[in-house]
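# Coordinate analysis (summary)
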Amino acid sequence: MAYEWQYYDLVLLGIAVSMSVGAGVGFLTSVSLPVAIIGAGLVASAIIGHGLFINGPVDEPRDLTNEVEALN
């Protein structure tokens, strides 16, 4: 059985790729490394924001009120 990519796998991949591209731009172009990393961090923050707030890990807001059994 082959592994099926899930949305949050792609979110994590997007964060890693954006930061790697930022480092590559900083090292391989005339853009300074701090500026490139900050730009990549903004892209990564947008990806994280989408994963948390636009396509969040819950189906409905009332799902957030469910008690977690593992912590009791």
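Scroll up to find the structure.
Below you will find a few notes about this structure. Quick caveat, the model's predicted, so the values are computed rather than measured.

## Points about the overall build of the protein
From N to C terminus, the protein includes 2 helices and 0 strands. Across the protein, the fraction of contacts at a sequence separation of at least 24, relative to all contacts at a separation of at least 6, is 46%.

## Points about the packing of helix α1 (residues 7–28) against helix α2 (residues 33–54)
Closest axis-to-axis distance for the α1/α2 pair is 7 Å, and the angle between their directions is 170 degrees. Judged on the interaxial angle alone, α2 and α1 are roughly antiparallel. For the pair formed by α1 and α2, the contact residues are Tyr 7, Tyr 8, Val 11, Gly 14, Ile 15, Ser 18, Met 19, Gly 22, Ala 23, Val 25, Gly 26 and Phe 27 on the first element and Leu 33, Ala 36, Ile 37, Ala 40, Gly 41, Val 43, Ala 44, Ile 47, Ile 48, His 50 and Gly 51 on the second. Looking at the contact of α1 with α2, its residues break down into 16 nonpolar, 7 polar and no charged.

## Some points on a nonpolar patch on the surface
Nonpolar side chains collect at one region of the surface, where Tyr 3, Trp 5, Leu 10, Leu 13, Val 17, Val 21, Val 25, Val 31 and Val 35 lie side by side and expose about 860 Å² of accessible area between them. Inspection of the secondary structure puts Trp 5 in the segment before α1. Overall, the relative accessible area of 57% leaves Trp 5 in the exposed class.

## Side note on α2
Its 22 residues give α2 an end-to-end C-alpha distance of 30 Å, which sits within 8% of 32 Å, the value for a rise of 1.5 Å per residue. Within the sequence span of α2, burial applies to Ala 36, Ala 40, Ala 44 and Gly 51. For α2, the buried positions fall inside an angular range of 60 degrees around the axis, keeping them on one side. Looking at α2, the residues exposed on the side facing more than 90 degrees away from the buried face are Pro 34, Val 35, Ile 38, Leu 42, Ala 46, Phe 53 and Ile 54.

## Description of the side chain of Ser 18
With respect to the helices, strands and loops of the structure, Ser 18 is situated in helix α1. When its relative accessible area of 10% is taken as the criterion, Ser 18 is described as buried. When sequence neighbours within four positions are dropped, the list of residues in contact with Ser 18 reads Ala 40, Val 43 and Ala 44.

## Remarks on the packing of aromatic side chains
For the coordinates displayed, the defined rule picks out 2 aromatic pairs. Geometrically, the ring pair formed by Tyr 3 and Trp 5 is edge-to-face, given 6.2 Å between the ring centres and 80 degrees between the ring planes. Taken together, a centroid distance of 4.9 Å and an interplanar angle of 80 degrees make the contact between Tyr 7 and Tyr 8 edge-to-face.

## Some remarks on α1
Its 22 residues give α1 an end-to-end C-alpha distance of 31 Å, which sits within 8% of 32 Å, the value for a rise of 1.5 Å per residue. All of the buried residues in α1 are Val 11, Ser 18, Gly 22 and Gly 26. Viewed end-on, α1 has its buried residues packed into an arc of 60 degrees, placing them on one side of the element. Exposed positions of α1 whose direction lies more than 90 degrees from the buried face are Leu 12, Phe 27 and Leu 28.

Cut-off values and rules
Residues numbered from 1 in each chain as written. Predicted model: local features only at pLDDT ≥ 70, side-chain atom pairs only at ≥ 80, totals over all residues. Heavy atoms only, no water. Helix = DSSP H or I, 4+ residues; strand = E, 2+ residues; numbered from the N terminus. Contact = heavy atoms within 4.5 Å. Axes fitted to C-alpha atoms, helices over the stretch in contact; angles between N-to-C directions. Parallel < 35°, antiparallel > 145°, perpendicular 65-115°, else oblique. Nonpolar A, V, L, I, M, F, W, Y, C, P; charged D, E, K, R; others polar. Patch = residues over 30% accessible without salt bridge, like charges linked within 9 Å, V, L, I, M, F, W, Y side chains within 5 Å. Areas by Shrake-Rupley, 256 points an atom, 1.4 Å probe, with all protein chains shown as cover. Salt bridge = Lys/Arg side-chain N within 4 Å of Asp/Glu carboxyl O. Buried < 20%, exposed > 50% of the residue type's maximum accessible area, 1.4 Å probe, protein only. Expected span 1.5 Å × (residues − 1). Arc of directions from axis to C-beta. Phe/Tyr/Trp six-rings, centres within 6.5 Å; stacked < 30°, edge-to-face > 60°.

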